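Letter by letter, the chains look like this.
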Amino acid sequence: MSIPISLGSHTNLTPSTWTTPIEDQFDVSSFPSGPEIPVAQQYSSSFRPGQQVSYRQTEDAADLERILAETRQEKLSCFRQGAEVHRQTRRFAQNLIRPGMLFSEFVEKIDECNRRLIGANGLDAGLAFPCGVSVNNCAAHWTPNKGDNRVIKVDDVIKVDFGLHVKGNVIDSAFTVAFNHSFDPLLDAARAGTEAALKTSGVDARFSEIGAAVQEAIESFELEVNGKVKPIVPIRNLSGHLVDDYRVHGGKSVPIVKCADSNYMREGEFYALETFASTGKGRVVDDGECSHYMLNPNAPFTDLNPSARSLLSCIKKNFGTLAWSRKWVDRLDPLKGKTWLMALRTLVQKGLVEEYPPLSDVTGSHVAQFEHTLFIGATGKEVLTRGDDY
Ligand code: MN
Ligand code: MN
């Protein structure tokens, strides 16, 4: 028996493509691009920050501009490669997921598919952060640790959030799976929120306007559960974000609620635009055992015991400043068969590694999420991760 998923259906499946690296599926430098939206249609705001700086173009300036344009093209090609892997892996994942399956098995198969398609190779190309499969009231940052035997249930609302990078250019995109169609309005709310964020984004788009548009879109939905109508709200302490080289969170946060934020988008930036729709309080707090971690590159030097030192060098070598999970460290076996959890605790206590624990809304609530990676160009914006599913 097949259980319909609340996502677009995929009929033209060619499982053979799931084993062929993207580089072998396409001509180099011709990875498919996302739909480009021309600048005139970008957004209707009349906001223009300051005067355009004009300067006489010397030969040096022309040279510099050419180099910048070439670098931009190279980066875009890396992003498009990661985006195509995301589309193919999520199609695989959407057909694989079913109640009764272990979350750990689902995540392992996604990781495996991603590694093969991206041609994982050290820090040159690979997985950008752990595959999140946060369930129900948990909005983000949950993936199974070793020994976890949680099983996917028919009434679960699961946020599948994974990322890839090519030369540090990070693709970050997520979708929500629910087998029970009574959750459809919640998924529709998150989808509408993310579409509103994409629509209002562009060169000079103000964050305050994006947040307001997202909130309005999400709050236009409600969810009926057992005859009771529940309002749907955005999660105000979660946001979209800039992506930077080898860093999934690049410093600027894009709000998903109405607020006074004077930041605006600039040409050449890459954003992960994600929105969260919740039947709870619209606020998340740390919840439960941590699975996601990241190096703190600004931590001051400290003396370490030998096992902490070994673990730290393993993390630096394999993940750099990218996020990682306990499961990924297990695969690397940094202390040659010895448990490395004490060493991890030391690195966390000394501030060298930061924990990103699961983030949840109140018990009994449900959260949905959709996320795309977007390029802000001078003449338009490109929704890099757009597919026929979302
Ligand atoms: Mn994400
Ligand atoms: Mn993100």
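Before any of the text, the structure's been laid out above.
Residues numbered from 1 in each chain as written. Chains lettered and ligands numbered in written order. Predicted model: local features only at pLDDT ≥ 70, side-chain atom pairs only at ≥ 80, totals over all residues. Heavy atoms only, no water.

A. Structural detail: the sheet that holds strand β3 (residues 138–140). The three strands lie next to each other as β3-β16-β12, forming an open sheet whose pairing is antiparallel. Strand pairing shows two members of the sheet lacking a second neighbour, β3 and β12 (285–286), which therefore form its edges. Where β3 and strand β16 (residues 359–360) come together, two bridges link them in antiparallel fashion. Paired with Ala140 across the bridge in β16 is Leu359. (Pairing = 2+ DSSP bridges. Helix = DSSP H or I, 4+ residues; strand = E, 2+ residues; numbered from the N terminus.)

B. Focus on the sheet that holds strand β14 (residues 324–325). The three strands are arranged β14-β13-β15 in an open sheet whose pairing can be described as antiparallel. At either end of the open sheet lies a strand with only one pairing partner, and these are β14 and β15 (353–356). In this sheet, β14 lies alongside strand β13 (residues 292–295) in antiparallel orientation, the contact comprising two bridges. Paired with His292 across the two strands is Ser325, which belongs to β14. Together, β13, β14 and β15 form the strand contacts of helix α8 (residues 341–349), whose direction differs from that of β15 by roughly 100 degrees. (Contact = heavy atoms within 4.5 Å. Axes fitted to C-alpha atoms, helices over the stretch in contact; angles between N-to-C directions.)

C. Spatial organisation of the nonpolar core. Ranked by internal contacts, the top residues of the largest apolar core, which has 89 residues, are Phe106, Val160, Trp324 and Leu347. If you tally residues by element for this core, the top one is helix α3 (residues 103–118), at seven residues. The residues contacting Val160, other than those within four sequence positions of it, are Phe106, Ile110, Cys131, Gly132, Ser173, Ala174, Phe175 and Val177. Membership of the second largest hydrophobic core comes to nine residues, among which are Phe79, Ala83, Val243 and Phe375. (Core = buried A, V, L, I, M, F, W, Y, C linked by side-chain atoms within 4.5 Å. Buried < 20%, exposed > 50% of the residue type's maximum accessible area, 1.4 Å probe, protein only.)

D. Molecular detail of the coordination of the manganese ion (ligand 2). Taken together, Asp172 (OD), His241 (NE2), Glu274 (OE) and Glu371 (OE) make up the protein donors of the manganese ion (ligand 2), found 2.1 to 2.2 Å from the metal. Going along the chain, you hit the donors of the manganese ion (ligand 2) in the pattern D-x68-H-x32-E-x96-E. Here the manganese ion (ligand 2) and the manganese ion (ligand 1) are spaced 3.2 Å apart, and both take Asp172 as a donor. On the criterion of sequence distance, the pair formed by Asp172 in strand β5 (residues 169–178) and His241 in strand β9 (residues 239–242) is long-range, its members being 69 residues apart. The exposure class assigned to His241 is buried, which follows from its relative accessible area of 1%. (Donors = N, O, S within 2.8 Å, 3.2 Å for Na, K, Ca; no water.)

E. Examining helix α6 (residues 306–319) more closely. The first and last C-alpha atoms of α6 sit 20 Å apart over 14 residues, in line with the 20 Å expected at 1.5 Å per residue. Among the structural elements, β13, β14, α7 (326–332), α8 and β15 are those in contact with the buried residues of α6. Within two residues after α6, Gly320 carries a phi angle of roughly 55 degrees, on the positive side. (Expected span 1.5 Å × (residues − 1).)

F. Looking closely at the pairing of β5. Of all the ten residues making up β5, ten are buried; the element is thus mostly covered by neighbouring parts of the structure. Taking every second residue as pointing to the same face, both faces of β5 are buried, with Asn169, Ile171, Ser173, Phe175 and Val177 on one and Val170, Asp172, Ala174, Thr176 and Ala178 on the other. In the sheet, strand β4 (residues 157–166) pairs with β5 via ten bridges, with the strands oriented antiparallel. Counted as the bridge partner of Ile158 is Val177 from β5. Linking two consecutive strands that pair antiparallel, namely β4 and β5, is a turn of two residues; a positive phi of about 50 degrees is found at Lys167 within it.

G. Focus on the coordination of the manganese ion (ligand 1). Protein ligation of the manganese ion (ligand 1) involves Asp161 (OD), Asp161 (OD), Asp172 (OD) and Glu371 (OE), the donor distances falling in the range 2.1 to 2.4 Å. Judged by relative accessible area, Glu371 falls into the buried class, the value being 0%.

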